[in-house]
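So the chains spell out like this:
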Amino acid sequence: PLDAPFELSSVPVAPVKKAEDEVKSSGAMMAAAMGGSTKAPNPKDLYEEMLNAIPEFASLGPLQSSSMPVELTERDTEYVITCVKHMYENHVVFQYNCLNTIDEQILEDVTVTMDLSEEPELEEKMSLPLKVMPTGAGETPGTTFVVVERVDGAMPAAKVGCMLKFTTKEVDPSTGEAEEEGYADEYQLEDVDLEYTDYVSKLSVGNFRKAWEEMGEETELADEYGIGQREGLQEAVEVLIATLGMSPCEGTDAVPPNARSHMALLSGKLVGDVSLLVRLSLGIDASSNVAMKLVARADSAAGSEFVHGIIANA
C-alpha cells in the first residue's frame, strides 16, 4: 500500500499532436521520427527493420518495444534533436535523430554522451557515431546510437543528462567549401527520462475474461489506492491508462456519463515477454474523491508487482 495517496493530478494526459506532425510512411521513417502522430501507430513497427539491419545490435535479441520520439531541443534552435528509446530484454538502445539547420557549418563525428554516473543499474556498452549530421530543414535526420545495458535485468526509472558532441567545420559562403580542419564542440541537450512505462508495451486481447481466467490466480496481486478529487471517472480512467502504458480492452476506456463507478480492463506486455492483465475498479463519491482497486495478473509474480510499482511511483 502507498504511504501517501497516489497523486493522479501530477500525471498529464498525453496531448493530441498536430496534423502536420503525423508519422509518415516507413520510407520516410527517419523524417517522421522528428514529429508525432495523430493515429499513434505502434512505434516498434516503424523502427524494427532498421534496427535489425545494424550488425552491432544482433546480439541484443529481438526488439520488444519502441517509444515515440521525445524532443531534446526546441525546434527553432540550430540543432533539432529527438530521442527514441528501444527496449530489448536486457538493454536499452537510445536513438538520437539529429538535424543541423545552420548552412554555414558542417558537423562531423556526432555522438551523444550520457551521464550515467548516478545510475548503478545502467551501464553504457557502446556508442555508434553519426559521420556527418544532415543540414537543412527539409533533410532527413541522421542517427547516432547509445546502447545501455540494464544490469542484472533491472528496470529502473532514471533522468539522464545528455551532451551532443561533434566536430564543427565552417563553410566558406563564397566558395561553399568547408575548412579542412574543424574544432571540437558540444551542445547541451534536455535530459532523457527513462520511465517505468517504457518497459511496458500495448497488447490487444480479444476476450479479456478468457485471458484472465487462463492466466490464473497464482500471480494475482491486488491493492487499493486513493486518487483524490477529480472532475469525473472518465478523466481518471484516461490518465490511469496513460500512466500504465497499457491497452484498454472491450471498450472499457469509455465511462458512461455521470457514472459513479466503473471497471476498466487493460492488457499489456512487460519487457521479457511477460503478459500483463489489469482490472481497475473505480468509484467516485459526492465530494468527487476517486478511489481505485487495482488487481493485476501476469505471467510472473514480478510482472504483477511491477504494475503496482508504476502506480506507487507515479
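Residue numbers restart at each chain and count upward from 1, following the sequence in its written direction. With pLDDT at 70 or above as the cut-off, local features in this predicted model cover only qualifying residues; side-chain atom pairs require 80 or more to be listed or tallied, and sums for whole chains, interfaces and linings still use all residues. In computing side-chain properties, one takes all heavy atoms of the structure into account and sets aside hydrogens as well as water.

1. A look at the overall build of the protein
For the record, the criterion: For the purposes of this entry, the term helix denotes a DSSP run of H or I that reaches at least four residues, the term strand denotes a run of E that reaches at least two, and both are numbered from the N terminus. Burial status follows relative accessibility: with a 1.4 Å probe on protein chains alone, a residue under 20% of its type maximum counts as buried, one over 50% as exposed, and anything between as partly exposed. The contact criterion used throughout is that any non-hydrogen atoms of two residues lie within 4.5 Å. Note that accessible areas follow from Shrake-Rupley with a 1.4 Å probe, and for residues the cover is restricted to the protein chains shown.
On a plain count of helices and strands, the protein comes out with five helices and 17 strands. A burial count over the protein gives 47% of its 314 residues as buried. Nonlocal contacts in the protein, meaning residues at least 24 apart in sequence, comprise 63% of its contacts between residues at least 6 apart. Summing over all exposed atoms, the protein offers an accessible surface of approximately 15800 Å²; the carbon and sulfur share of this is 47%.

2. Details of the environment of Glu-123
Definition in use: Pairing of N or O atoms within 3.5 Å defines a polar contact, subject to two protein rules: one partner must be a possible hydrogen donor and the other a possible acceptor, and residues neighboring in sequence count only if both atoms are side-chain atoms.
With respect to the helices and strands, Glu-123 occurs in strand β6 (residues 122-128). Distance from Glu-123 to Val-148, taken between C-alpha atoms, is 5.4 Å for residues 25 residues apart in sequence. Non-local contacts of Glu-123, meaning those with residues more than four positions away in its chain, are made with Leu-116, Val-147, Val-148, Glu-149 and Val-151. Polar side-chain contacts of Glu-123 include one of 3.3 Å to the side chain of Lys-125.

3. Some words on the pattern of salt bridges
The following threshold applies: Between Lys or Arg on one side and Asp or Glu on the other, a salt bridge is scored when a side-chain nitrogen of the former is within 4 Å of a carboxyl oxygen of the latter.
Tallied over the full model, the rule gives eight salt bridges. Glu-235 serves as the salt-bridge partner of Arg-230, at 2.4 Å between the closest nitrogen and oxygen. For Glu-235, a relative accessible area of 27% gives the class partly exposed. As a salt-bridge pair, Lys-269 and Asp-273 come within 3.1 Å of each other at their nearest N and O atoms.

4. Structural notes on the side chain of His-308
If you trace the backbone, His-308 turns up in helix α5 (residues 301-312). Taking relative accessible area as the criterion, His-308 reaches 7% and is therefore assigned buried. Apart from residues lying up to four places away in sequence, His-308 is in contact with Leu-221, Ala-222, Asp-223, Tyr-225, Leu-294 and Ala-296.

5. Considering the confidence of the model for the protein
The predicted coordinates ought not to be read in detail in places where the model reports low pLDDT. We count it as follows: Scored between 0 and 100, pLDDT is the confidence that the predictor attaches to each residue.
Mean pLDDT over the protein: 87, with 87% of residues reaching 70 or higher. Across the protein, strand β8 (residues 142-150) holds the top mean pLDDT of 98, while helix α1 (residues 29-32) sits lowest at 48.

6. What to know about the nonpolar core
Counted only if it meets this: Working definition of a nonpolar core: buried Ala, Val, Leu, Ile, Met, Phe, Trp, Tyr and Cys residues. They are joined through side-chain atoms within 4.5 Å.
Ranked by internal contacts, the top residues of the largest apolar core, which has 60 residues, are Tyr-96, Leu-164, Leu-280 and Leu-282. With sequence-adjacent residues up to four places away left out, Leu-280 is seen in contact with Leu-240, Leu-244, His-262, Met-263, Ala-264, Leu-266, Met-292, Lys-293 and Leu-294. Leu-60, Leu-63, Leu-128 and Phe-145 belong to the second-largest nonpolar core, a separate cluster that totals 14 residues.

7. Regarding the packing of helix α4 (residues 233-244) against α5
To keep things clear, this is the line we draw: Fitted lines through C-alpha atoms serve as axes, helices being fitted only where they are in contact, and the angles separating the N-to-C directions of these axes extend from 0 to 180 degrees. Roughly parallel means an angle under 35 degrees; roughly antiparallel, over 145; roughly perpendicular, 65 to 115; everything else is oblique. In a left-handed crossing the near helix is turned counterclockwise from the far helix by less than a right angle, and in a right-handed crossing that turn is clockwise. Gly counts as polar in this scheme, as do all residues outside two lists: the nonpolar Ala, Val, Leu, Ile, Met, Phe, Trp, Tyr, Cys and Pro, and the charged Asp, Glu, Lys and Arg.
Taken N-terminus to C-terminus, the directions of α4 and α5 make an angle of 120 degrees; their axes are 10 Å apart at the nearest point. As summarised for this structure, α4 and α5 are arranged oblique, according to the angle between their axes. Of the two elements, α4 crosses α5, and the hand of that crossing is right-handed. Contacts between α4 and α5 pair Leu-240, Thr-243 and Leu-244 from the former with Val-307, Ile-310 and Ile-311 from the latter. Residue classes in the contact of α4 with α5 are distributed as five nonpolar, one polar and no charged.

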